[in-house]
Amino acid sequence: MRSLTVCAVICLLGTAVFAENNAESDPTPTLQHFNPEQADRSLDPCSDFFEYACSKWIKANPVPADQFGSGTFFNLAKWNVSALHATLEDAAKATNRTPAEQKAGDYYASCMDEATINKLGIKPLQPELDRIAKLQNKSQLPEVVASIHQIIRPANLNFIDAQYNGVLFGIYAVPDFADARVTLPALDQSGMGLPGREFYLNDDDKSKEIRANYLKHVAKMLELSGETQRQATADAQSVMTIETGLAKAAMDIVARRDPKNLNNKMSLEQVQALTPSFSWSHYFAAMHAPASPQYLVTAPDFFRGMDKLISSEPVDHWRAYLRYSTLTSMAGFLSEDFVSEQFDFFGRQLAGAKKIQPRWRRCSQNTDADLGEAAGQAYVAKYFPPESKERMLQMVKAIETALHEDIDAATWMSPETIKLAHAKLSAQIDKIGYPDHWIDYSTVEIKRDDFLGNARRAARFEIDRRLAKFGKPANRYEWGMTPPTVNAYEDPQTNTINFPAGILQPPFFDAEQIDAVNYGAIGAVIGHEITHGFDDQGRKFDADGNLKDWWTSADAANYDQRDQCIQDQYTQDVPEAGVKQNGKLSAGEDTADNGGIHLTLSALQSTLKKQGKDLDSLAPDGVTELQNFFLAYANVWCGELRPEAARTAVMTQGHSLPRYRINNVVANMPEFAHAFSCHAGQPMVHANQCRVW
Ligand SMILES: [Zn+2]
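Residues numbered from 1 in each chain as written. Predicted model: local features only at pLDDT ≥ 70, side-chain atom pairs only at ≥ 80, totals over all residues. Heavy atoms only, no water.

### Here we look at helix α26 (residues 643-652)
As a reminder, the rule being used: Burial classes follow relative accessibility: with a 1.4 Å probe on protein chains only, a residue under 20% of its type's maximum area counts as buried, one over 50% as exposed, and anything between as partly exposed. The numbering of helices and of strands both runs from the N terminus, where a helix is a DSSP run of H or I of at least 4 residues and a strand a run of E of at least 2.
Burial analysis of α26 places eight of its 10 residues in the buried class, which makes it a mostly covered element. Of the positions making up α26, those classed as buried are Ala-645, Ala-646, Arg-647, Thr-648, Ala-649, Val-650, Met-651 and Thr-652.

Shown next as structure tokens:
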């Protein structure tokens, strides 16, 4: 996945929330279809549309004990895992299997073999721990770090929003900001176990409590790995010192949103000058990474800070840090004691879940994470018919047309900028469902009785695949999400929008529903992704994916003024999370939400016109087309996060919480006021209605 990829939904799912326990019954959720009757007609839509559209759903769907939130979105994610699970059970048992079925099926079977995993305990990871224990001199750090980077899941080596939970630093392949045709090695800040740098730096009571509990968790993990309690307690303190040092050196999440701040291209000599204590030639040699004339160093100060820590912290502190980082990265593949402890901190304390998900769910998710394009083949064959792809493509085209029209109608842009905006939109590639060419995993050895070995070999395969891209032309057709994922993304550097098959199911996409409902639900997601190409980040990239200013200065100033309106509006207290939202952090997502719904509404209007209808026509369910549209929009965000997860989300990622994704957006729209006869002065009619697109 690329550094600037922005997703539609919520990026919290990648964290270590999923751990282990007893196999309890877990009913397969059913797909939920939109129903306008879900609205609570006793409430006033103009006073709080979220409550009007969602409160009945929320009451009927409390957060399950093993989840950190509820929502129609969560429900679909659960359904997808169940669907994937069915294909994996088949693949694990079948005799006449395709190569992809063998890999995915045997990987899944090895994960389900809990008896073998528990019997082995820490043993499968012992060679790595021994290598770390032998670290005698800090000059050996590059080789040891490389050996760890070759076994942990490569997703941990790039970042998800503000979550940098890899080991020491991140490494991934990224298109050159100046020339997106060329792939560069990127070196990024990472190495922090908590969900963001603010978790180390903030001084409020909640942050202090989380850090105190984290220290206990680190000590417990080290103790489980064989350290004495005394040693583990001391080592946990060293881990905290190093991670806090990395957090202090790391770039702030808002500064990272400006690609200019990340665009630091350096030769190997220049990279080396940042860290006299860490030999990059030794590291890259140990990684077997191809040489590159240039490297992208996203945060040079982070690497300067890392170097200071290498100098100041004694070698035994580094052994403790690497030992814990390796344990936490691999905990999900170890015996139940590790899995439970990992869940207790990351699942229970940080995300508020009450119990662990059943093992089959976690094993299905692991297979998806490690061999996603093998596991995904059977999923799309069974659950994503070609007709869905066709109808989706038609909607994407209609919504792109709406943006072309919107660009033409923008009185605040000059003809020069308008022309280039059209060129950028026309050059965008729309990817629907799944890749045209699947990744070939034939060289990854997968054994039915070696779960951790399978995970390690899959990680090695994936990191090698990424390193091999250094210096090569970028591939715009690759995917950064697996097919069953309930999410979508826009990538400004490949100029693509991407919709995995997992989100093209009810209630987002529903072949049985009328156009107003599909345009309100998946249409808003399509519009959201298209708008990302023209939000405060996306607009800085041109049609070819290069970071290039194609705006006249007057047009850029007009853009910034409109953007400021959105930023001010979303800089708000979020009582349910106990923290304040920073509108500068969420500006891109909020702009995409607000722009996306305008585009999809305009596409719906054109579609209805062709059918001889308009937005005020009554749909077969007796509700107007426009009311159905807004109810369907709200429906996909109905739900809530546990307070712990809400706090992490507001602090570390750009998406507003569901309540604000609904209410702030509709209150900016005269069309909403028209649909529900709201008038000026009511909460769902902003006095100052913001509009970028
Ligand atoms: Zn987004």
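The rest of the description comes next.
### Thoughts on the packing of helix α24 (residues 583-610) against helix α27 (residues 658-666)
Rule in force here: Interaxial angle, 0 to 180 degrees, is taken between N-to-C directions of lines fitted to C-alpha atoms, where a helix line uses only the stretch in contact. Just so you know how the angles are binned, under 35 degrees is roughly parallel, over 145 roughly antiparallel, 65 to 115 roughly perpendicular, and the rest oblique. Throughout, a crossing is termed right-handed when the near helix is turned clockwise from the far one, and left-handed when it is turned anticlockwise from it by less than a right angle. Residue contacts follow a heavy-atom distance rule, with two residues in contact if any of their heavy atoms lie within 4.5 Å. By the convention adopted, Pro, Cys, Tyr, Trp, Phe, Met, Ile, Leu, Val and Ala count as nonpolar, Lys, Arg, Asp and Glu as charged, and the other residues, Gly among them, as polar.
With their axes 10 Å apart at the nearest point, α24 and α27 run at an angle of 60° to one another. With respect to each other, α24 and α27 are oriented oblique. Helix-helix and strand crossings are classified by hand; for α24 and α27 the assignment is right-handed. For the pair α24 and α27, contact is made by Asp-593, Asn-594 and Ile-597 and by Arg-661, Asn-664 and Val-665, respectively. Split by residue class, the contact of α24 with α27 holds two nonpolar, two polar and two charged.

### Focus: the pattern of salt bridges
Note the cut-off: For salt bridges, the criterion is a side-chain nitrogen of Lys or Arg within 4 Å of an Asp or Glu carboxyl oxygen.
What the rule picks out here adds up to 37 salt bridges. Close ionic contact of Arg-181 with Asp-179 constitutes a salt bridge, the shortest N to O distance being 3.0 Å. Residue class for Arg-181 comes out exposed when judged on its relative accessible area of 63%. Here Lys-397 makes a salt bridge to Asp-430, at a shortest N to O gap of 2.9 Å. Note that Lys-397 is positioned in helix α18 (residues 386-409) and Asp-430 in strand β7 (residues 429-433), a separation of 33 residues in sequence. Take Asp-430: its relative accessible area is 16%, and that puts it in the buried class. Linked through salt bridges whose partners overlap, the residues forming this network are Glu-462, Arg-465, Arg-466, Lys-469 and Glu-478.

### Examining the nonpolar core
Soluble globular proteins tend to bury their nonpolar side chains together. For clarity, the cut-off: Residues belong to one nonpolar core when they are buried, are Ala, Val, Leu, Ile, Met, Phe, Trp, Tyr or Cys, and are joined through side-chain atoms within 4.5 Å.
Core analysis: the biggest nonpolar cluster contains 211 residues, and Phe-49, Phe-169 and Phe-630 have the highest contact counts within it. Once you skip the residues sitting within four places of it in the chain, Phe-169 turns out to touch Val-145, His-149, Leu-157, Leu-187, Asp-188, Ser-190, Phe-278, Trp-280, Tyr-283, Phe-302, Phe-303 and Met-306.

### Observations concerning the sheet that holds strand β6 (residues 295-297)
Short version of the rule: Being paired, for any two strands, means DSSP has found at least two bridges between them.
Ordered by their spatial adjacency, four strands build an open sheet running β3-β4-β6-β5, and the pairing between neighbours is mixed. The open sheet has two edge strands with one neighbour each: β3 (169-175) and β5 (265-266). In terms of strand pairing, β3 meets strand β4 (residues 183-189) through seven bridges, oriented antiparallel. When the bridges of β4 are listed, Ala-173 appears paired with Pro-185. Sheet strands touched by helix α13 (residues 280-287): β3, β4 and β6. Its angle to β3, the strand with the most contacts, is close to 75°. Each of β3, β4, β5 and β6 is contacted by helix α14 (residues 300-312), which is oriented at about 55° to β4, the strand it contacts most.

### Observations concerning the packing of aromatic side chains
Under the convention used in this document: Classification of ring pairs uses Phe, Tyr and Trp, with its six-membered ring standing for Trp, and accepts pairs whose centres are within 6.5 Å; under 30 degrees between planes counts as stacked, over 60 as edge-to-face, and the remaining range as tilted.
By the definition in use, this model includes 40 aromatic pairs. Arranged with centres 5.5 Å apart and planes meeting at 80°, the rings of Trp-79 and Tyr-383 form a pair that is edge-to-face. Within this pair, whereas Trp-79 is found in helix α2 (residues 72-93), its partner Tyr-383 is found in helix α17 (residues 359-383), the two being separated by 304 residues in sequence. An aromatic cluster of three or more residues is present, and its members are Phe-169, Phe-278, Trp-280, Tyr-283, Phe-284, Tyr-295, Phe-302 and Phe-303.

### Focus on the state of the cysteines
Keep this limit in mind: Here, the term disulfide refers to a pair of cysteine sulfur atoms separated by no more than 2.5 Å.
Counted under the stated rule, the structure contains four disulfides. The disulfide bridge from Cys-46 ends at Cys-678, spanning 2.1 Å between sulfur atoms. The sign of the S-S torsion, about -80°, decides the handedness of the disulfide formed by Cys-46 and Cys-678: left-handed. Placement of the pair is Cys-46 in the loop between β1 (6-7) and α1 (49-60) and Cys-678 in the segment after α28 (670-676), with a sequence separation of 632 residues. Cys-678 matches Cys-46 in its accessibility class, with the two residues each being buried. Note on cysteine connectivity: Cys-54 is disulfide-linked to Cys-638, with sulfurs 2.0 Å apart.

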